[in-house]
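Topology and contacts: notes
Take a look at the letters that make up each chain.
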Amino acid sequence: MSIRHGLLAFLERGQMYGYQLRSAFEAETGATWPLNIGQVYTTLTRLERDGLVRALPEHDGGQRPYEITPEGRTELALWFATPIAHADRPRDELAIKLALALTTPGVDVQTVVQTQRSATMRTLQQYTRLKQSDGELPWRLVLDSLIFQAEAELRWLDHCESSLVRFVPTATPVATEQAAEETVHERA
């Protein structure tokens, strides 16, 4: 989720200042995405620069509320109407890690898979316990998404494990060059 669009969505509900936005963001995501207050104010500054929000005069307590502008409403409506493309999602560090583990000498890929499986299983159990508590629908939907992602990761790790059984490593270009150099040195 874009912090930018998340803040716009909260401001669509009414004026808020930075700490209120942070609290609302964390409450609706069940604190699964902790938000640094610095991120909130940096994002608000950019939104104001882009004409999507407007800063209002400070309250007596020194807090400056913000409100969404008509341009911000248009941006928010466009975001809600546009599907999230897989290319827009963050890189999958686990997939990259396993791909590199396969080609890095001295790495026991089976151990990497098992370590991740154990961590993902613990995470899934935590999410499942959280699901027992009553919560608002936005939080339950976020929690369901996290549970489904963890379950999918476990299925993918099963697939990786079965693929490893059939895996026959091929020499990488670097390894082939090193072997050729060693042969030349042995003959000399």
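The structure we're discussing is the one just above.
Residues numbered from 1 in each chain as written. Predicted model: local features only at pLDDT ≥ 70, side-chain atom pairs only at ≥ 80, totals over all residues. Heavy atoms only, no water.

Quick word on empty space enclosed by the protein
Worth spelling out the cut-off: Computed over the protein atoms alone on a 1 Å grid, cavities are sets of points where a 1.4 Å probe fits but cannot get out and pockets are open sets with protein on both sides within 12 Å along at least five of seven lines; a residue lines them when it has an atom within 4 Å of a point. Grid points are joined across faces, edges and corners, and a volume is the space filled by probe spheres set on the points. Secondary structure follows DSSP: runs of H or I at least 4 residues long count as helices, runs of E at least 2 residues long count as strands, and numbering of each begins at the N terminus. Here the term charged refers only to Asp, Glu, Lys and Arg, the term nonpolar to Ala, Val, Leu, Ile, Met, Phe, Trp, Tyr, Cys and Pro, and the term polar to all other amino acids, Gly among them.
This structure, assessed with the given rule, holds one cavity of 30 Å³ or more. Considered as a void within the structure, the largest cavity measures approximately 40 Å³ in volume. Lining the largest cavity are Leu130, Lys131, Ser133, Trp139, Arg140, Leu143 and Asp144. Counting only elements with at least two residues in the lining of the largest cavity, the list comes to helix H6 (109-131) and helix H7 (137-166). Among the elements that line the lining of the largest cavity, the one with the most residues is H7, at four residues. Here the residues of the lining of the largest cavity sort into three nonpolar, one polar and three charged.

Brief notes about helix H3 (residues 37-49)
Keep this limit in mind: Take the number of residues in a helix, subtract one, and multiply by 1.5 Å to get its expected span. Residue exposure (1.4 Å probe, protein chains only): buried if accessible area is under 20% of the type maximum, exposed if over 50%, otherwise partly exposed. What the arc covers is the set of directions going from the helix axis to the C-beta atoms. In this description, contact between two residues means that some pair of their heavy atoms is separated by no more than 4.5 Å.
Along its 13 residues, H3 runs 18 Å from first to last C-alpha, staying within 8% of the 18 Å computed at 1.5 Å per residue. All of the buried residues along H3 are Ile37, Val40, Thr43, Leu44 and Leu47. The buried residues of H3 occupy an angular sector of 125° when the element is viewed end-on, so they sit on one face. On its buried face, H3 is in contact with helix H1 (3-13), helix H2 (18-28), strand S1 (53-55) and strand S2 (66-68). A positive phi of about 80° marks glycine 51, the residue just after H3.

Some words on the packing of aromatic side chains
The cut-off we apply is this: Pairing of aromatic side chains here covers Phe, Tyr and the six-membered ring of Trp, requires ring centres within 6.5 Å, and sorts the geometry by plane angle: under 30 degrees stacked, over 60 edge-to-face, intermediate tilted.
Scanning the entire structure with this criterion turns up three aromatic pairs. A ring pair is formed by tyrosine 19 and tyrosine 41, whose centres lie 6.4 Å apart and whose planes are at 70°; its orientation type is edge-to-face. Of this pair, tyrosine 19 sits in helix H2 while tyrosine 41 sits in helix H3, and the two are 22 residues apart along the sequence. The partly exposed category is assigned to tyrosine 41, whose relative accessible area is 31%. Measuring from centroid to centroid gives 5.0 Å for tryptophan 79 and phenylalanine 80, while their planes differ by 50°, and the two rings are tilted.

Observations regarding helix H5 (residues 93-103)
Within H5, burial applies to Leu94, Leu98 and Ala101. All buried residues of H5 fall inside an arc of 60° around its axis, so they share one side. Each element contacted by the buried residues of H5 is listed here: H6 and H7.

Digging into the packing of H2 against H3
Counted only if it meets this: Structural elements are reduced to axes, namely lines fitted to C-alpha atoms, with helices fitted over the stretch in contact, and the angle between N-to-C directions of any two is expressed from 0 to 180 degrees. In a left-handed crossing the near helix is turned counterclockwise from the far helix by less than a right angle, and in a right-handed crossing that turn is clockwise.
Put simply, H2 and H3 touch, their axes get as near as 9 Å, and they point 115° apart. For the pair H2 and H3, the crossing hand works out as right-handed. Residue-level contacts link Gly18, Tyr19, Leu21 and Arg22 of H2 to Ile37, Val40, Tyr41 and Leu44 of H3. Looking at side-chain class alone, the contact of H2 with H3 contains six nonpolar, one polar and one charged residues.

Re the nonpolar core
Under the convention used in this document: The set of buried Ala, Val, Leu, Ile, Met, Phe, Trp, Tyr and Cys residues whose side-chain atoms join them within 4.5 Å is what this entry labels a nonpolar core.
In terms of nonpolar packing, the biggest core is built from 20 residues, with Leu7, Leu8, Leu11, Leu21, Val40 and Leu44 touching the most fellow members. With six residues, H1 is the single largest residue contributor to this core. Apart from residues lying up to four places away in sequence, valine 40 is in contact with Leu7, Gly18, Leu21, Arg22 and Leu35.

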